[in-house]
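Chain residues, written in single-letter form:
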Amino acid sequence: MKQQQMHLKDYSINKAWTLFLDRDGVVNERLTGDYVKSPEEFRFLPGAAGAIASLSEIFGRIVIVTNQQGIGKGLMTEEDLYLIHGFMMNEIQDAGGKIDAIYFSPHLEQEDHPMRKPGTGMALRAKQDFPEIDFKRSVMVGDGIHDMAFGRKLGMICVYVSGGADASRELYDVQLGSLVEFVELLSC
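The structure presented is a predicted model; accordingly, all values stated were derived computationally and were not measured.

## Quick look at the pattern of salt bridges
Scanning the model with the defined rule gives 11 salt bridges in all. Put simply, R137 and D134 hold a salt bridge, and the shortest N to O gap is 3.4 Å. Of the charged contacts in the structure, one is a salt bridge between D173 and R152, with a shortest N-O distance of 3.0 Å. Placement of the pair is D173 in the loop between β5 (157–161) and β6 (174–176) and R152 in helix α5 (residues 145–154), with a sequence separation of 21 residues.

Here it is in structure tokens:
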């Protein structure tokens, strides 16, 4: 699904860089018209846990930033989300990877809250927790236009993981089919 080649090696990505990942549609299967509300509903996308293990060897920090309006809609609780993330983190660790932090926004889309992507609140909170984060040495991988706008606002390299949906071309640097393809691109 590689629509273009981008030579990320030209950027000298190393342990000084931070990788920001969206969750649903990048790490795990997105439930169309629904939300992942329990660990039992969480399904990794093929190869995603192993891809995160490979990315853990390249990037100094890996941070997940995820909109979770299912909480705001009352369909799940923050405790449900912590259980899901605990399960996800254990599976990633078992695969040899790491996630340094997870930030989420429980706010509804219509609230236009700064913590909700495309607002940059989750990234700014990450920078508070990890002051060494440099957004110019960061990559955002996401499957939605909100993810790409989030990354662009902060000056990140934006990788659009898409099954064919189109985002405005100016919002991303490369379009790939999966996190596995991102690892392959970094390895070229």
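## Quick notes on the packing of aromatic side chains
Counted by the stated rule, this structure contains 7 aromatic pairs. Ring geometry for F42 against F87: centres 5.9 Å apart, planes inclined by 75°, an arrangement best described as edge-to-face. Of this pair, F42 sits in the loop between β1 (18–21) and α1 (48–56) while F87 sits in helix α3 (residues 78–94), placing them 45 residues apart in sequence. Taking the relative accessible area as the measure of exposure, F87 reaches 30% and is therefore partly exposed. Through successive ring pairs, a cluster of aromatic residues spans F20, F135 and F150.

## Describing the nonpolar core
L21, F59, V139, V141 and F182 are the most contacted members of the largest nonpolar core, which has 37 residues in total. Of all elements in the fold, only β1, α1, β2 (61–67), α3, β4 (138–142), β5, β6 and α6 (179–187) reach the threshold of two or more residues within this core. Residue contacts for L21: discarding those within four places in its chain leaves V26, V27, I52, I62, V63, I64, V65, M140, V141 and L179. Core analysis: the second largest hydrophobic core is formed by 22 residues, V63, V65, A123 and L171 among them.

## Quick word on the confidence of the model for the chain
Residue-level pLDDT values for the chain average 93, and 93% of them are 70 or greater. Low confidence marks residues 1–5, where pLDDT is under 50. Its contacts with residues over four positions away, or in another chain, come to 15 contacts.

## Here's the deal with the sheet that holds β2
An order of β3-β2-β1-β4-β5-β6 is seen for the 6 strands of this open sheet, with the pairing classed as parallel. Both outer strands of the open sheet, β3 (101–105) and β6, are each paired with one neighbouring strand and no more. Averaged over all neighbouring strand pairs, the angle between strand axes comes to 20°, with direction disregarded. Where α6 meets the sheet, it contacts β1, β4, β5 and β6, and its direction lies at approximately 125° from that of β6.

## Quick notes on α5
Where α5 is concerned, the buried positions are D147, M148, A149, F150, G151 and L154. Those residues of α5 that are buried are in contact with β2, α4 (121–129), β4 and β5. Two residues or fewer after α5 comes G155, characterised by a positive phi angle close to 80°.

Each value, and the rule that gives it
- For every chain, the first residue of the written sequence is number 1, and numbering continues from 1 along that sequence.
- A pLDDT threshold of at least 70 governs which residues receive local features in this predicted model, and a stricter bar of 80 or more applies before side-chain atom pairs are shown or counted, although totals over entire chains, interfaces and linings include all residues.
- Excluding hydrogens and water, the side-chain figures rest on all heavy atoms present in the structure.
- What counts as a salt bridge is simple: a side-chain nitrogen of Lys or Arg found within 4 Å of a carboxyl oxygen of Asp or Glu.
- Strands are runs of DSSP state E lasting at least 2 residues, helices are runs of H or I lasting at least 4, and numbering of each runs from the N terminus.
- Centre distance within 6.5 Å is the pairing criterion for rings of Phe, Tyr and Trp, where only the six-membered ring of Trp is used; planes under 30 degrees apart are then read as stacked, over 60 as edge-to-face, and the remainder as tilted.
- Classification of residues uses two cut-offs on accessible area relative to the type maximum, computed with a 1.4 Å probe and protein chains only: under 20% is buried, over 50% is exposed, and between them is partly exposed.
- Buried Ala, Val, Leu, Ile, Met, Phe, Trp, Tyr and Cys residues that are joined via side-chain atoms within 4.5 Å together make up what is termed a nonpolar core.
- Working rule for contacts: check all heavy atoms of both residues, and any pair within 4.5 Å makes them a contact.
- Predictor confidence is given residue by residue as pLDDT, running from a minimum of 0 to a maximum of 100.
- Should DSSP find at least two bridges between two strands, the strands are taken to pair.
- Axis definition: a line fit to C-alpha positions, over the contact stretch in the case of helices; interaxial angles, taken between N-to-C directions, run 0 to 180 degrees.

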